[in-house]
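# Architecture and fold: a report
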Amino acid sequence: MKLEGKVALITGGNLGIGSATATLFAKEGAAVALTGRNQERGEEVARGINEAGGKAMFIRADVRIADDCRRTVEKTLERFGRIDVLFNNAGVFHPKTVPECTEEEWDETIDSSLKGAFLMSKYALPSMIKRGSGSIIHTSSGWGFDGGDRAAAYCAAKGGLVVMAKAMAIDHGRDGIRVNCVCPGDTMTPMLIDDAEKRGMSREDYVAAASDRPLGRIGTAEEIARAVLFLASDDSSFVTGESLVVDGGGIA
């Protein structure tokens, strides 16, 4: 019960790492508000948490839109009274080089990850500052440090989050708020399968190639969720401005 009595707001909470984290946070005692663009999937995740005895609500929102972000924070505060943890997890991936990438794909990638984290933080921070505590976690990537093939927009967004977390940690440390990134490597999620399809690879070939790392496999959403739990909880009470790489040794 590492998050007992706390409230967590999770973007991109309707599948993959976001869904796994929402479920784990609820098991650890948190009330969870989750957002996403797919209402059916989001409501299914929230329903599963509630049926298991937890507390969850789904708010349909697009983190690229300021009014949606403001409304999400307001609804979370109305329902649960506070926000202790903000997990900025929403994001998209288009496997394109710079010449291949359209302006619309570039904007969607940057806005979903980087602008979305900015907007959600902008509206969640005042309540955290007022309480004098909080933990904000951005989902970056191993490719936020190292470049990746056909991933210029994605690398730009994820690299931006790494430095953004450092800047926010400096700004809000005296407010009692910690800001960090979790940086997954290849993880078995719908985004990974979608990337394989867009690259014209079979799921098996893609997973085999991605498993070429010291631990010899790709990660699971639950493994990433446990790293996020560490950053959200008091177990990391003296950790801020950092980026925790969870990639089975891929960068090493």
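As a reminder, the structure under discussion sits directly above these lines.
Counting restarts for each chain, with residues numbered from 1 along the sequence as it is written. Given that the model is predicted, a residue must reach a pLDDT of at least 70 before its local features are reported, and side-chain atom pairs must reach 80 or more before they are shown or counted; all residues, however, enter totals for whole chains, interfaces and linings. Calculated side-chain values reflect all of the structure's heavy atoms, with hydrogen atoms and water omitted.

## Regarding the overall build of the protein
To qualify as a helix, a DSSP run of H or I must reach at least 4 residues; to qualify as a strand, a run of E must reach at least 2; elements of each kind are numbered from the N terminus. When helices and strands are counted, the protein shows 8 helices and 9 strands. Its C-alpha atoms give the protein principal-axis dimensions of roughly 45 × 40 × 35 Å. Burial status across the protein gives 52% buried among its 252 residues. We call two residues contacting when some pair of their heavy atoms lies within 4.5 Å. Excluding contacts between residues fewer than 6 apart, the proportion of contacts in the protein whose partners are at least 24 apart in sequence is 71%. Working note: accessible area of the protein is about 11,500 Å², and carbon and sulfur atoms make up 51% of it. Positive charges come from Lys and Arg, negative ones from Asp and Glu, while His and the chain ends are left out of the count. Think of each charge as sitting on NZ of Lys, CZ of Arg, CG of Asp or CD of Glu. Within the protein, the 36 negative side-chain charges are centred at a point lying 6 Å from the centre of the 30 positive side-chain charges. Buried means the residue's accessible area, taken with a 1.4 Å probe over protein chains only, is under 20% of the maximum for its type, while exposed means over 50%, and partly exposed covers the values in between. Here the accessible surface of atoms and residues is derived via Shrake-Rupley with a 1.4 Å probe, and residues count as covered only by protein chains that are part of the display.

## Observations regarding the packing of aromatic side chains
Each aromatic pair joins two rings of Phe, Tyr and Trp (for Trp, the six-membered one) with centres within 6.5 Å, and gets the label stacked for planes under 30 degrees apart, edge-to-face for over 60, and tilted for any other angle. All told, the structure shown has 3 aromatic pairs when counted by the stated rule. By the ring-pair criterion, three or more aromatic residues cluster together here, those being F93, W143 and Y154.

## So, unusual backbone geometry
The backbone of R150 shows a phi angle near 50°, a positive value even though the residue is not glycine. Inspection of the secondary structure puts R150 in the loop between β5 (134-139) and α5 (152-172).

## Overview of empty space enclosed by the protein
Using a 1 Å grid laid over the protein atoms alone, points where a 1.4 Å probe fits but cannot get out form a cavity; open sets with protein on both sides within 12 Å along at least 5 of 7 lines form a pocket; any residue with an atom within 4 Å of a point counts as lining. Grid points are joined across faces, edges and corners, and a volume is the space filled by probe spheres set on the points. Going through the model one piece at a time under the given rule, you end up with 1 cavity of 30 Å³ or more. Roughly 40 Å³ of volume is contained in the largest cavity. Every residue lining the largest cavity is listed: T11, V63, N88, N89, A90, S112, S113, G116, A117 and M120. For the lining of the largest cavity, the leading source of residues is helix α4 (residues 103-131), giving 5 residues. Here the lining of the largest cavity is composed, by residue class, of 4 nonpolar, 6 polar and no charged. Three classes are used: nonpolar for Ala, Val, Leu, Ile, Met, Phe, Trp, Tyr, Cys and Pro, charged for Asp, Glu, Lys and Arg, and polar for all others, with Gly counted as polar.

## Side note on the pattern of salt bridges
By salt bridge we mean one thing: a side-chain nitrogen of Lys or Arg within 4 Å of a carboxyl oxygen of Asp or Glu. The final tally for this structure, using the stated rule, is 11 salt bridges. Of the charged contacts in the structure, one is a salt bridge between E108 and R37, with a shortest N-O distance of 3.6 Å. With a gap of 71 residues between them, E108 in helix α4 and R37 in the loop between β2 (31-36) and α2 (39-51) connect regions that are remote in the sequence. What makes E108 buried here is its relative accessible area of 19%. By relative accessible area, R37 is classed as partly exposed at 38%. Across the pair D62 and R64 runs a salt bridge whose closest N-O atoms are separated by 2.7 Å.

## Brief notes about the pairing of strand β4 (residues 85-88)
In β4, alternate side chains face the same way, and those of V85 and F87 on one face and L86 and N88 on the other are all buried. Any two strands between which DSSP finds at least two bridges are classified as paired. Note that strand β1 (residues 7-10) and β4 share 3 bridges and pair parallel. Looking at the pairing, I10 lines up with F87 of β4. Across 4 bridges, β4 lies against β5 in parallel orientation. Residue pairing for β5: V85 is matched across the bridge by S135.

## What to know about the sheet that holds strand β6 (residues 177-184)
Spatially, the 7 strands line up as an open sheet ordered β3-β2-β1-β4-β5-β6-β9, and their pairing is parallel. Strands at the two margins of the open sheet, each flanked by one partner only, are β3 (55-60) and β9 (243-246). On average, each strand axis in the sheet is tilted by 15° relative to the strand beside it, whichever way the strands run. With axes taken as lines fitted to C-alpha atoms, and helix axes fitted only over the stretch in contact, angles between N-to-C directions fall between 0 and 180 degrees. Helix-sheet contacts for helix α3 (residues 66-80) involve β1, β2 and β3, and the interaxial angle to β3 is about 155°. With respect to the sheet, α5 is in contact with β5, β6 and β9, its orientation differing from that of β6 by roughly 165°.

## Considerations on the packing of α4 against α5
Interaxial distance between α4 and α5 falls to 8 Å at its minimum, and their mutual angle equals 15°. Here α4 is positioned roughly parallel relative to α5, judged by the angle of their axes. The two elements α4 and α5 meet at a crossing, and its hand is right-handed. Here α4 contributes W106, T109, I110, S113, L114, A117, F118, S121, L125 and I129 to the contact with α5, which in turn contributes A152, A153, Y154, A156, A157, K158, G160, L161, M164, M168 and H172. Considering only residue class, the contact of α4 with α5 consists of 15 nonpolar, 5 polar and 1 charged. Here is the rule for angles: anything less than 35 degrees is roughly parallel, anything more than 145 is roughly antiparallel, 65 through 115 is roughly perpendicular, and the remaining ranges are oblique. In this scheme the handedness of a crossing depends on how the near helix is turned from the far one: anticlockwise by less than a right angle means left-handed, clockwise means right-handed.

## Comments concerning the state of the cysteines
Throughout, disulfides are identified as pairs of cysteine sulfur atoms within 2.5 Å of each other. For the structure shown, the criterion picks out 0 disulfides. With no disulfide partner, C183 has as its closest neighbouring cysteine sulfur the one in C181, 5.3 Å distant.

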